[in-house]
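Overview (structure and organization)
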Amino acid sequence: MGVYVILGLIIFLLMIIVSSIKIVPQAQVYVVERLGAYHASWTTGPHMLIPIIDRVAKKVSVKEQVVDFKPQPVITKDNVTMQIDTVVFYQITDAKQYAYGVEKPLSAIENLTATTLRNIIGDLELDSTLTSRDVINTKITSILDQATDRWGIKVNRVELKNILPPREIQDAMEKQMKAERERREKILQAEGEKKSAVLVAEGEKESQILRAQAEKESQILKAQAEKEAMILKADAAREQKILEATGEAQAIEMIQRSMAEGLKLLNEAAPTDSVIALKSLEAFQKAADGKATKIIIPSQIQGMAGLATGIKTIIDETK
């Protein structure tokens, strides 16, 4: 019997020792109290708990957490009541302050978010509220982060999930959006017609420019052709005149050469005075046959008797 008691005591002690060993998992912190007062914050790893004296007061997750709060009624600056629900991303950075700083931390964050949201939306009109989500998110995040810092909570981000204005406001907004879309459609259509007209005008302009350039080039080619024809004609006339002048020069040269040869032969024949007188008479006769109104008689020809004698002598010699 005593053996069983001892064995039971040993098993009881082992159970107490085993139950006193606490292993804190990753991303968690255990808040430990000793005799009812805060003792330590255990992080990841094994720890020894003194039975009866120590106890784990709270297990805190240090991972980032997300909480979705229900829609809250808010009133804008222009007295429009809307329903806005928010999503808060937060993380516990100090387990001790989280455990002892505030009762029901999530409820405190929700109420703080609602009041902060009402204060911010109260300074904005409806249109600004709908188009300023980023500004509202930034303001709420900053205010909540400062307020929850003493609770060991860090607010990383706040997002407005839905903004629901009254039904009549939604209908008016839909009509406004429809009118805006129709206006944009008309503007786009007008711009398209304008661009089309501009393109047509530019096409006509380019066509006229091309026609004018073609006509100009045609006139230039025509003028060049006429110029070349005139140059060819002038060259032909010049060459013809050159040929005529060359022919006349050659004819004169031939005449002069014939006359020179005649004089040479005449000199070689040693003509008498009678022959020279006869030749002078022939030359005088040719001059008299011309159209000149005045005839100058050479001084060598003197006396009709001498002339007649010379002629007669020449005729006798010829016979």
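Predicted model only: the values in this text are computed from it and were never measured. (Residues numbered from 1 in each chain as written. Predicted model: local features only at pLDDT ≥ 70, side-chain atom pairs only at ≥ 80, totals over all residues. Heavy atoms only, no water.)

**Side note on the overall build of the chain**
Looking only at helices and strands, the chain has eight helices and nine strands in total. By the burial criterion, 19% of the 319 residues in the chain qualify as buried. Counting contacts in the chain only where the partners sit at least 6 residues apart, residues at least 24 apart contribute 62% of the total. As displayed, the chain offers around 23700 Å² of accessible surface, 59% of which is attributable to carbon and sulfur atoms. (Helix = DSSP H or I, 4+ residues; strand = E, 2+ residues; numbered from the N terminus. Buried < 20%, exposed > 50% of the residue type's maximum accessible area, 1.4 Å probe, protein only. Contact = heavy atoms within 4.5 Å. Areas by Shrake-Rupley, 256 points an atom, 1.4 Å probe, with all protein chains shown as cover.)

**Here we look at the sheet that holds strand β3 (residues 37-42)**
Taken together, the three strands give an open sheet; going across it, the order is β3-β2-β5, and neighbouring strands pair in antiparallel fashion. The outermost strands of the open sheet, each flanked by one partner alone, are β3 and β5 (54-61). Strand-to-strand twist in this sheet, taken as the mean axis angle between neighbours without regard to direction, amounts to 25 degrees. Here seven bridges tie strand β2 (residues 28-34) to β5, and the two strands are oriented antiparallel to one another. Residue pairing across strands places Y30 opposite K59, the latter belonging to β5. (Pairing = 2+ DSSP bridges. Axes fitted to C-alpha atoms, helices over the stretch in contact; angles between N-to-C directions.)

**Comments concerning a nonpolar patch on the surface**
On the surface, I6, I10, L14, I17, I21, I23 and M48 cluster together into a nonpolar patch covering about 690 Å² of accessible area. Of all the secondary structure elements, the ones that give two or more residues to the nonpolar patch are α1 (2-20) and β1 (21-24). At four residues, the largest contribution of residues to the nonpolar patch is made by α1. Note that I17 resides in helix α1. Accessibility expressed as a relative area gives 46% for I17, which makes it partly exposed. (Patch = residues over 30% accessible without salt bridge, like charges linked within 9 Å, V, L, I, M, F, W, Y side chains within 5 Å. Salt bridge = Lys/Arg side-chain N within 4 Å of Asp/Glu carboxyl O.)

Read these as layout, nothing more, since geometry by itself doesn't imply function.
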